[in-house]
Structures are given as C-alpha cells and as structure tokens.
Amino acid sequence: MFGALTTRLWFLQVLASPQFAKQAVENQVRLVPIMPIRGQILDREGNVLVGNGSVFTVLVNRQIVGDRSDAVIYRLSQLLNVPASALVKRLNNQQYLPYQPVPVAQNVSREEVYTIRERADQYPGVTTETQPVRTYPQGAIAAQILGHVGSITAEEIKAQPALAKFPPTTVVGQAGIEQEYDTYLRGVLGTQAMQANAAGDILNQYYAKIPPKDGDNVQLSIDARIQRLAEQSLAQGIAVAHNTYDSTSGKYLQATGGAVIVMDPKTGRIVAMASNPTFDPSIWTKPVTTKEYRRLSGTGQVPGALFNRAIQGAYPPGSTFKPFIGAAALRQHFIGEHTALSCPGSYQVPGDTSHTIFHNWNPFNTGFLTLTGALIQSCDTFFYQLGYRFWQAYVRSGYKVDTGKGGTELLQHDLGQMGFGKSTGVDLPLEATGTLPTTAFKRALEAQAPKVYGRLPWLPGDTINMAIGQGYVTTTPLELAVAYSAIANGGTMYAPRVAWRIQTPAGDTVKAIKPKVVGHLPISRQEVGFIRNALSGVTRPGGTAAPAFAGFPLYSIPVAGKTGTADIVGKQPYSWFAGMAPANNPKYVVVAMVEQGGHGGTTAAPVVRRILQGLFNLNTGNVVAGTDQST
Amino acid sequence: MADVPVPRRVAAKTRIGENSPVRHVDLPLVAAAVGLSVLGLLMIYSSTHRSAAEFGADPGLYLKKQIVFLILGIVGMVVAFVIDIGLAQAYAPIFYLGAVALLLLVRTPIGSSALGAQRWFQVAGFQFSPSLFSRLAVAGMLAAVLADMKGEITLPDVWRVVSLAAIPMFLVFIQPDIGTTIILATIMVAQLVVAGTRVRYLVVLALAALVAIVGAFQLHIIKQYQIERLTGFLDSTQTSQTASYNLQQSEIAIGAGGITGTGYLKGSQTNLDFVPEQHTDFIFTVVGEELGFAGAALLLVLFAILLWRTYRIAAQARDPFGTYLAAGIAAMFAIQMFVNVGMTMGIMPITGIPLPFVSYGGSALIADFIAIGLLLNIRARRFV
C-alpha cells in the first residue's frame, strides 16, 4: 500500500515534475495584450502632422443589455443624436464576440459620458472608455497623403497574419502614409502576464510583462508650410477658374479638381503634394456616415476628395509632353539643337489620301523654329513633324499597317525610358499608371470593345497626336513631376519618396528612406541642359506662360517650365503647368494640373507662380490669370 | 499474545500510579495523530487563507475552526481513553442504533445538503456529519457481535455481521456517500478476516457485493457523476471535463511540488484555487505542492507509524473485542489514507473520503481522535 503510494509520488514529484511545474505556471497565467502607442507622422521640420489624442467612446455589451436593447438604443440615439438604425448596425458587428463590448459611438462629449455614467440604470450594459485617436495639429492639410486609420478588417488579418494578435478595436492604416508605413507606425504589441485564479479572475498581480514597443514616427519630406501653400494656391487657382469664362465651351470653367506636386529634383523627395477637392482628415476620428463617405468618394465622372489626383489620376499631359518628344527626337538625331522646322497653322501627313488636317493652336504661320522656339511657343505643327519622323522610323523598321504587326516602336521606347507608361514607385498606396499607347495597347482596346473602337491599327495620326501629348497618352501628375525633375537635375529619374525617415519615438533614426534612382533620360547631360534652357523662355515675353509670370523677378529667379492644355472630348481643357526654379540650378520642380481648368497659362501656370513666390518668399503683388491660348 | 515483551520505559518522575492507564499511553500513536493534525492545520490555512480573505472573511477562519475541532477531538480522545472499554462493548448496540437513527434523520428536512448529497446536520454554525461517526459505531458494533461469537464463524454468523453493516452502508450510500460506504465495507471485511472467517465465505461475500453493485448500477441508484468520478482515474481522457479536471489539477499540484516543494503558502495551484475541495478531500495536494516529496513522504511516514501502532494494539489486545475494534479502526485509517492519497495521484477513484487527521472537517477529526482514544484504551487495558 505504502509502496504503491510512494512509487506514484516519486513518479509525479521527481520524474515528471518539470512538466507539471510548467503546467502549473501555464494554469495561472493569462496573457493580456498591451497596446503600443501608434507612431506620429511628422513633416520635414519635425512638426506633427498626425499625432495621438484620446476620445470618449461609448460601448455596449450585448450580453448585458439583452432584451432591453431597444430601450437602450433609443435612449442612446436621443442622447448622442445618432440614428437608432446606425447604432443597431454598429451593434450587430460580428467582429466582436458576444461578451465583448462593441463600440457604437466615438468622440462623444464629456457631458454625454457623464449622463451615461450617472444614469447607469437607464443604460444597462453601456460603458464609456477613452480610446486613442489620431489628431491633426496642422489642421486640414495633406489629407490624402496622410491617409487614415480604421479598425482591423478580416481581409487585413488574412493578408497580414501578425494582425490577428491585436484586439479587434485596434486601428491600422487604411490609406496614405498610415497604410504604407503601417508596420512601422503600428509598433509591437506588449504582453502583460496576469496571474489569474481558477475562476479566471485577474488578481492584479503579474509575473512578467513584455512592454509594448511603441510605433516609430514617420518623418516626411513634406513641409507643412509648403504643403499649405500648395493647397491654398491650388484652391485659389480653382476658385479663379470658376470665375473665368471659357469662350470655346461658352461656360465658366468647371475646374472640377486639381493637383499640385512640389518636388526637390536633386533628391527625388516630395515637398508638397496637393489634391483638390480635399477634406479635413479629422473626419476619420468619428464614424463617417454613408452619405458623407459617398460625397468624399465622388462619382466615376468626378472623383471626390478621397481621390489623390496627384498620384491616382491619369490625364493626357498635353503640351507638357513636348520636351520629352523633343528629347526623343534629339536622341534619334531626327533633329539637332539648331535644326529649324516650319511652324505652319496646320499640318497634313505627306501623302495622306484622307487629307486629315492637324491644326496648330495658332492658325498663323510663325515661320521656321528650332526646338527652343517650338517649346517656347508650344508650336504643335513642329511636334507633328517630329511625330511623323517617328512614324516613318516605325514603318522603316518593318511595321505594316495592314497587319498591325512588325517594327520597333522607337518613340514609346524612348518615352518609356523617361518614365512614362510606368508608375513612379512612390511610397503611397493606390498609385495609378499613365498610359503610353502602343500597337499592342490599341489591339487590346479593340479586343475589349470591338464595336466602340472598330479595327484599330497603329496609324500615323496616333504618333502625331502623341507628339503633342494627346490621343491615348496619359500621365499622372507625379509621373510628369518625376520627368521634369530629371530635366531639372541633369537627367536622373527617381522613384520619388514622401517619407524621409523612420524615427524612434525618442527621435533616433531607425531607417533612412531614400528615393531610388530608377533611370536616366536617354539624352546627354548637355542636351538636358539645352531643353531646360529652352523651357526658361516659356515664362519670358513671347512664351506661353509669359502673362502668368508677368512681374515675377525672373532675372533673379529664372523659371523654366511648360504649359499644357489637354483636350478631352466633351470636356473643357485640362490645364497644366510644369515648372522649375531657379532654372539654372533648380531647387524645386512644381507641377500643377487643374481638371477642366482651361489653358495651361490661364489656370495652372498662375498656381505654380503663386507657389514659387511662396517658396522663394517673394511678394510680387497679385497674379493675373494668363490670357494664353496655346496648347 | 503474552510473548510480546512489555515495553520498558525509564521511570519518569511521576505521581501516576504503576497501574494507571496514563502510564501506558502509546506515545508514538498519539504523536503521529497529533503530528498529522498539526500538518493538517498548516495545510488548511495554506489552502483557505487566500480565498477566505477574498470573500472578506478572516483568513484564519478555517484554521481556527479546525483548532477548535482538534481540541474537541483531543477531549474526545481522553474521554474514550478513560472510560471502561467494557462500556463501549456493552453500549455498542446503542451507539449503533443511534448512528442508524441519525443517518435516517439526516435524510429528513432537518439535514442539509450540498453538491447533490444530503449528509449533515447544521448545529450552531458547525456541520455535524453522522456518517463519519457511523464508522466507529459500525466498528464497535461488529467487534462486539464478533466477540460474542464462540467457536468457528459460520455462514449465518457472516450474514448476521453483513446485515448489521449493510444497514448503515445502505443509508450512507443513498446520501450518496460512496466513500463512507467503502470505508464501512472495509471495516467489516477486515474484522471478519481477523475473526477467522473462512476464505470461501469471504468469496461468497465478494460475489454478493458484486451483484449488489451491478444492481445499483442497473437501478440507477449510483448517479452518473459518481460513475465518472470512480472511473475517471482509469482513463482521464474519456471522462467528463469536471471529473478529469479535478484529477488533472490535483496531479499538476503534486507534480509541480517536486522534491522540496514550492514553499509553504507559495503553491500557485493551491493559492489560486485550481484544485477543488482542496482543504478537505484534496488536502494531500497542498502537502505535495508546497512541501514536495519530502513533505509528502513525511506524511506517509506518520501514517505508517499510526498504522503500525494500531496494528500492534490490535495484535496485543487483551480480549477479542479490543482486537476486532482495533482491527476495524486500523482498516478504517488504512483504507481512508490509501484511497484519499491514491485518488489525488490518479491511482484510485475519486471518492469523497477525507484524509484522517489532515483534512478539514470537525466530524471526521473528532471521530478519528475518539478512535485513537479507544485504541489507547484497548492498549492500556492490557496492562491492567
């Protein structure tokens, strides 16, 4: 008898003891996650763009409310001034387990919290707690860049299994920088090992604590001052456009939206990126109503404020494309820097039996021009001729119109090297890619909707249209900014970056983020300088942007740039200006685009001018809208 | 029995007379019983102070109550020691009938129930459990009956004994208190064996018991949870969660103790209420966890001393009644110790049997000390 007991005792306490000791520890330990503090987003001067604050949240425990939920929801609806249907919808969120309190209202006032706490009998199962919330000390700027946070979704957990450990109320970045750098901002979950008794009661005593690692800060190269300047200048330009009569359409300019990019061409960093319409990012700290969300999303025709036009919108670049056509022509030796071509009022493809006429924006023959003059005047017929040279080269290389096959697409090849038809690789989600049309692209269109497009071989008109940035070609404002930065810096193409570095909360750099060099303009540095020099004439008397830059101290801060007026069927022209200053050694590249903003010199160029004035701290008085009629 | 030498003691300076029973107190027996009780006090405090404090009660609540029981028990022991053992024999039927009456009474609304069993009376804030006293009453009654039998024990004699035991066994069984039923059965069998019952009668008895048990299953007198608890130790994976949880937590507690234990009041299994019924039936797990193999072995040694002394007393008793009674008590302590300690380690079924002297509980402790008093009495009478 004693032998049996002692043997068993020996087995349990000596031989198998370590395993039981481990089980005893596991028995009593409950792991409670400790939330890290989400990192801040700073501008390049260290100003807080996105910080952390706390708000009161109302939560409802469905198990406790039970069958009194109708009465409780009614009272909450009255108190918080939220429709009962919205509360019911939030309460039915299946992401929460039955015993977990469900947040039904965020950012409620102190008074409302007191009402709920004082009259607990009226609000069974209703609790209030403070929850961390993002704050925006700089106000309503950079909304689309910063993005927003939201509760983890099931899809996000699927994509990132690491998120499964976080409590369901945790927020993660769901747009913009918040999304792109979420893994840094998020931090690492800590764990509090609590001792619990058999009933599961936490005894407020713990054995071990793994502290959370707070999220790192993301410092952007965005400068809050310049960002505000860009947004205000764009908004002002759009407001002016709304009051500008467009004789072609017989209406005031619609100016449905626009974008501005300010880039440092030497580093590839983005200093400001504006998209209009915009919104106050603090709207995300409260539940957004469906109606509000619909307004922010906009329609397929005119996207709303959530849409970052600077990177998500692809538009025909119009004449802002011409410097690159010129560069490609120089590269192919179709022209030299001093080759003069005529600039008639219209152009016909030699031997074209259909006698299709390609018009210049200016019906008068302005004589012979070199590339410099053609860029300054934005002579379309000059570039039609370059387009035709590329077409000829295409045919010479073996392209057959009848079959739509063979040959080498030289122009597309060169433009591709300048970054067109590709996304820039910017560190922001949802970047769109411009279109660099090719024979294959047209064939795909044809296959997509044969009835709409008919048979679509690549025709000379396609190349000719592309030569003035029209036709199927589109670019995002950012693609254009990267290409102009390459003109500004001697030819280097960068994958631009909005973020500058990742810092610990204490300010030590964890990781420097550098724009990557992704290529070079396929022309010599000297030729790049030649084009830049040519563009500096655009803002001077005789140039298409001369009216917009009247009174600007070009002698001390020369501005090189190019206007663009992109036609889209059924719409007012899209207004572009891509500029850089000082032209001899550009510090900034500024690209502005206004949808249905009229001519480039009318709306976009004054926007850029205002931004440059701010950048160089100039006070040149009122900027008048240009009277430019060029494309 | 005369060949057993009388222990020689160095004569202490004492006024106690040569023939006074006090001279013949079996000190190792008393020391073992008191030692186990003190160990029990420590373990009871360890397993209850924290949860009592959490309910806002005095952390020493259970400890103090058990100390009162211990004092009462020692008083009971002294009384049982000083009375004439002949009276015990003479009044055995009275005690027996009294015990049976109380077992019947506890089934009336006067009795209190808990955990699905109706087992005790609530008296002045204390619970009085008649089934625990019935152990002694049955041991005394059967000893008296067997002592009266002259010559070889016949089958009708066996049936007489069995019938007498069966009445209280049935009454405790339907409480239901399977543990006490097993104890009573063990006492009976031990006394029959010591009285020289033939083996074949015992075999018949075993078969009858088997039929009775199968019958009880068939008639659903045994409740499902009892079956599970009884069979849980055979395969802990196949039984209900509750039944295996008890055993699992119990084994974790004992196993976690290791050789030297986690230290007094430092066992997590004990402090955090992981082991159910820990101050009563599972008190051994506190010893195992906090004092380790060393403490558990000490406890077993104390029991070994207790059983060794009880066996000696049975062997050296002056008359058959003393022998049978001591044998019954020895069987009672042995089965309780073995089943209780065994169940905490998973080698015995889980039944509600307290660990003598150690488990919290007044009725058991007082009854056990009265048993010690009776043993001392039987031994001392040898020298009269």
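Residues numbered from 1 in each chain as written. Chains lettered and ligands numbered in written order. Predicted model: local features only at pLDDT ≥ 70, side-chain atom pairs only at ≥ 80, totals over all residues.

What should I look at first to understand the overall build of chain B in this one?
Counting secondary structure elements, chain B contains 13 helices and three strands. In chain B, 71% of the contacts between residues at least 6 apart in sequence involve partners at least 24 apart. (Helix = DSSP H or I, 4+ residues; strand = E, 2+ residues; numbered from the N terminus. Contact = placed C-beta atoms within 7 Å.)

Would you take a moment to explain the overall build of chain A for this structure?
Broken down by element type, chain A carries 23 helices and 25 strands. Counting across all 631 residues of chain A, residues that qualify as buried make up 45%. A sequence separation of at least 24 residues applies to 71% of the contacts in chain A between residues at least 6 apart. (Buried ≥ 20, exposed ≤ 12 C-beta atoms within 10 Å, placed from the backbone.)

Before we go on, may I ask you to explain unusual backbone geometry in this structure?
A negative phi angle is the norm for most residues apart from glycine, just as the trans form is the norm for most peptide bonds. Residues and elements named next belong to chain A. That bond from Asn 276 to Pro 277 is cis: its omega, 0°, falls within 30 degrees of zero. Cis geometry is found at the peptide bond from Ala 581 to Pro 582, where omega equals -15°. On the secondary structure map, Pro 582 appears in the loop between strand S24 (574–581) and strand S25 (588–595). Residue Asn 81 is not a glycine yet carries a positive backbone phi of 60°. Mapped onto the elements of the fold, Asn 81 is located in the loop between helix H4 (69–80) and helix H5 (84–91).

Is there a simple way to think about the interface of chain A and chain B in this case?
The accessible area lost on association of the parts is a frequent measure of interface size. Taken together, the contacts link 21 residues of chain A with 25 residues of chain B. A per-element tally of the side of chain A that touches chain B places helix H1 (residues 2–15) of chain A first, with nine residues.

Just to check I follow, could you spell out H1 of chain A for this structure?
Along an α-helix, residues three or four apart share an orientation, since each turn contains 3.6 residues. Residue and element names in this part refer to chain A. Given a rise of 1.5 Å per residue, 14 residues ought to cover 20 Å, and the 18 Å separating the end C-alpha atoms of H1 matches this to within 8%. When we look at burial in H1, the residues that qualify are Leu 5, Leu 9, Leu 12 and Gln 13. In a view along the axis of H1, the buried residues occupy a sector of 80°, so they form one face of it. Structural note: H1 exposes Gly 3, Thr 7 and Leu 15 on the side pointing more than 90 degrees away from its buried face. (Expected span 1.5 Å × (residues − 1). Arc of directions from axis to C-beta.)

Teacher, can you tell me more about the packing of helix H4 (residues 130–148) of chain B against helix H12 (residues 320–344) of chain B here?
Relative placement of two packed helices is described by the angle separating their axes and the distance separating the axes. Residues and elements named next belong to chain B. The N-to-C vectors of H4 and H12 enclose an angle of 145°; their axes lie 8 Å apart at closest approach. Considering the relative orientation of H4 and H12, their crossing is right-handed. When H4 is examined against H12, the residues Arg 135, Ala 139, Gly 140, Leu 142, Ala 143, Ala 144, Leu 146 and Ala 147 are found in contact with a partner set consisting of Pro 320, Phe 321, Tyr 324, Leu 325, Gly 328, Ile 329 and Met 332. The class makeup of the residues in the contact of H4 with H12 is twelve nonpolar, two polar and one charged. (Axes fitted to C-alpha atoms, helices over the stretch in contact; angles between N-to-C directions. Left-handed = near helix turned anticlockwise from the far one by under 90°. Nonpolar A, V, L, I, M, F, W, Y, C, P; charged D, E, K, R; others polar.)

Looking at this structure, I do not really get the sheet that holds S25 of chain A. What am I missing?
Neighbouring strands of a sheet are bound in pairs by backbone hydrogen bonds; such pairs are parallel or else antiparallel. Residue and element names in this part refer to chain A. If you trace the five strands from one edge of the open sheet to the other, you get S14-S13-S25-S24-S23, paired in antiparallel fashion. Single-partner strands in this sheet number two, and they are strand S14 (269–276) and strand S23 (560–566). Across this sheet, the average inter-strand angle for adjacent strands is 5°, counted without regard to direction. Where strand S13 (residues 257–264) meets S25, seven bridges bridge the pair, whose relative direction is antiparallel. Paired with Met 263 across the two strands is Val 589, which belongs to S25. Taken strand by strand, helix H11 (residues 224–242) contacts S13, S14 and S25, and its axis lies near 35° from that of S14. (Pairing = 2+ DSSP bridges.)

For this particular structure, what's the right way to read the confidence of the model for chain B?
Do not read the predicted coordinates in detail wherever pLDDT is low. Per-chain confidence: chain B averages 84 in pLDDT, with 84% of residues scoring 70 or above. Here the prediction assigns the complex a pTM of 0.70, and the interface score ipTM is 0.83. (pLDDT = per-residue confidence, 0-100.)

I would appreciate a short explanation of the nonpolar core in the present structure.
A general tendency of soluble globular proteins is for nonpolar side chains to be buried together. Residues Val 260, Ile 261, Val 262, Val 591 and Ala 592 of chain A are the most contacted members of the largest nonpolar core, which totals 128 residues. Three or more residues apiece are contributed to this core by two domains, here domain 1 (30–47 + 138–220) and domain 3 (224–299 + 310–615) of chain A. Residues within four places of Ile 261 of chain A in sequence aside, it is in contact with Ile 270, Met 273, Ala 310, Pro 477, Leu 478, Ala 481 and Val 591 of chain A. With 122 residues, the next largest nonpolar core counts Ala 327, Phe 333, Val 358 and Ala 367 of chain B among its residues. (Core = buried A, V, L, I, M, F, W, Y, C linked by C-beta atoms within 7 Å. Domains from an automatic or database assignment.)

Before we go on, may I ask you to explain the pairing of S25 of chain A in this structure?
Look at any regular strand and the pattern is simple: side chains alternate between the two faces of the sheet. All names here are of chain A. Among the eight residues in S25, eight count as buried, and that is most of the element. Residues of S25 alternate between two faces, with Tyr 588, Val 590, Ala 592 and Val 594 on one and Val 589, Val 591, Met 593 and Glu 595 on the opposite face, all of them buried. Relative to S25, S24 is paired through seven bridges, and the arrangement is antiparallel. In the strand pairing of S25, Trp 576 is matched with Met 593.

Explanation requested: the environment of Thr 248 of chain A in the structure shown.
All names here are of chain A. With respect to the helices and strands, Thr 248 occurs in the loop between strand S11 (245–246) and strand S12 (251–252). For Thr 248, a count of 11 C-beta atoms within 10 Å puts it in the exposed group. Remark: the alpha-carbon pair of Thr 248 and Gln 572, spanning 324 residues in sequence, is separated by 8.2 Å.

I tried to follow the environment of Val 102 of chain A on my own but got confused; where do I start?
All names here are of chain A. Along the chain, Val 102 falls in strand S4 (residues 102–108). Note on Val 102: 22 C-beta atoms within 10 Å, which makes it buried. Along the sequence, Val 102 and Pro 168 sit 66 residues apart, while their C-alpha atoms lie 9.9 Å from each other. Excluding its chain neighbours within four sequence positions, the residues that come into contact with Val 102 are Leu 59, Val 60, Arg 62, Arg 90, Leu 91, Asn 93 and Tyr 96.

Please clarify how the packing of helix H14 (residues 322–331) of chain A against helix H22 (residues 525–535) of chain A should be interpreted in this entry.
All names here are of chain A. Interhelical geometry of H14 versus H22 gives an angle of 145° and a closest axis separation of 11 Å. In this structure, the crossing between H14 and H22 has a hand that is right-handed. Between H14 and H22, the residues in contact are Pro 323, Gly 326, Ala 327 and Leu 330 and Glu 527, Ile 531 and Leu 535, respectively. Of the residues assigned to the contact of H14 with H22, the class counts are five nonpolar, one polar and one charged.

Could you clarify how one ought to interpret the environment of Phe 358 of chain A in this entry?
Residue and element names in this part refer to chain A. When you line up the elements, Phe 358 lands in strand S17 (residues 357–359). Along the backbone, Phe 358 and Asp 380 are 22 residues apart, and their C-alpha atoms lie at a distance of 8.6 Å. With residues near it in sequence (within four places) discarded, Phe 358 still touches Ser 346, Tyr 347, Tyr 384 and Ile 464.

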